[in-house]
Amino acid sequence: MKIENIDELIEDVYTQLNISDYIKDHSEAVYQRSKYITQHYDNIDEDLIKAGCKLHDVGRIVTSDIKHAYIGADLLRSIGIDEKICKITEKHIGAGITPDEAIENNLPDRNYIPETLEEKVVAHADNLVHGVTPVDLEFVIQKWTNKNMKKESIDRLIKLHNELIR
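Residues numbered from 1 in each chain as written. Predicted model: local features only at pLDDT ≥ 70, side-chain atom pairs only at ≥ 80, totals over all residues. Heavy atoms only, no water.

**Some words on the pattern of salt bridges**
Rules: Throughout this description, the term salt bridge denotes a Lys or Arg side-chain nitrogen within 4 Å of a carboxyl oxygen of Asp or Glu. For helices the rule is a DSSP run of H or I covering at least 4 residues; for strands it is a run of E covering at least 2, with both sets numbered from the N terminus onward. With a 1.4 Å probe rolled over the protein chains alone, any residue whose accessible area is under 20% of its type maximum counts as buried; one over 50% counts as exposed, and the rest are partly exposed.
Evaluation of the coordinates by the stated rule reveals 17 salt bridges. The salt bridge partner of Lys91 is Glu119, with a shortest N-O separation of 3.5 Å. Residue Lys91 is located in the loop between α5 (83-90) and α6 (99-104), and its partner Glu119 is located in helix α7 (residues 117-127); the two are separated by 28 residues in the primary sequence. Note on accessibility: Lys91 and Glu119 belong to one class, buried. Here the salt bridges do not stand alone but share partners, grouping Asp74, Arg77, Glu83, Lys87, Glu90 and Arg110 into one network.

Below, the structure is given as structure tokens:
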């Protein structure tokens, strides 16, 4: 997907949705982390990765809980953003959310598992940033363990990491 002017698109969304500096800074850190993940890939849509990273957390203007992903995707849809970017936003939580986990969290009936390479990269780049600080897999595993995340979620995280990091 070639986006005519990616930076202009992102700035327009930031302005329309009144995105906070913190979300912008976190999203920039996620974008920088995505470069670490994709450094050995030559079959990746860099514009889509950039847009996905920079816009993945727009739903946080409404809520900071798990629902920010689908809310953000719906906000982006409402202002006419490409569906590929909306899907990245919708699927960026952890290493994905299974249908059973979606029910447990009262999420709408949607697919929350990242499938495309770009969806996976943005989700995992977000995992590997704490606030604005890059972190490693061990940090994320410990954080998720401390939050009593299910073993299946941590296993999915490790599998995604092993799939992406070359």
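**Let's talk about the nonpolar core**
Applicable threshold: Nonpolar cores were defined as sets of buried Ala, Val, Leu, Ile, Met, Phe, Trp, Tyr and Cys residues, with membership established by side-chain atoms within 4.5 Å. Contacts are assigned to residue pairs that have any heavy atoms within 4.5 Å of one another.
Core analysis: the largest hydrophobic core is formed by 49 residues, its most contacted members being Leu55 and Leu76. When contributions to this core are tallied by element, the ones reaching two or more residues are α1 (6-17), α2 (21-38), α3 (46-55), α4 (68-78), α5, α7, α8 (137-146) and α9 (151-164). Broken down by element, this core gets its largest block of residues, six residues, from α4. Residue contacts for Leu76: discarding those within four places in its chain leaves Val13, Leu17, Leu55, Val58, Ile81, Ile85, Cys86 and Thr89.

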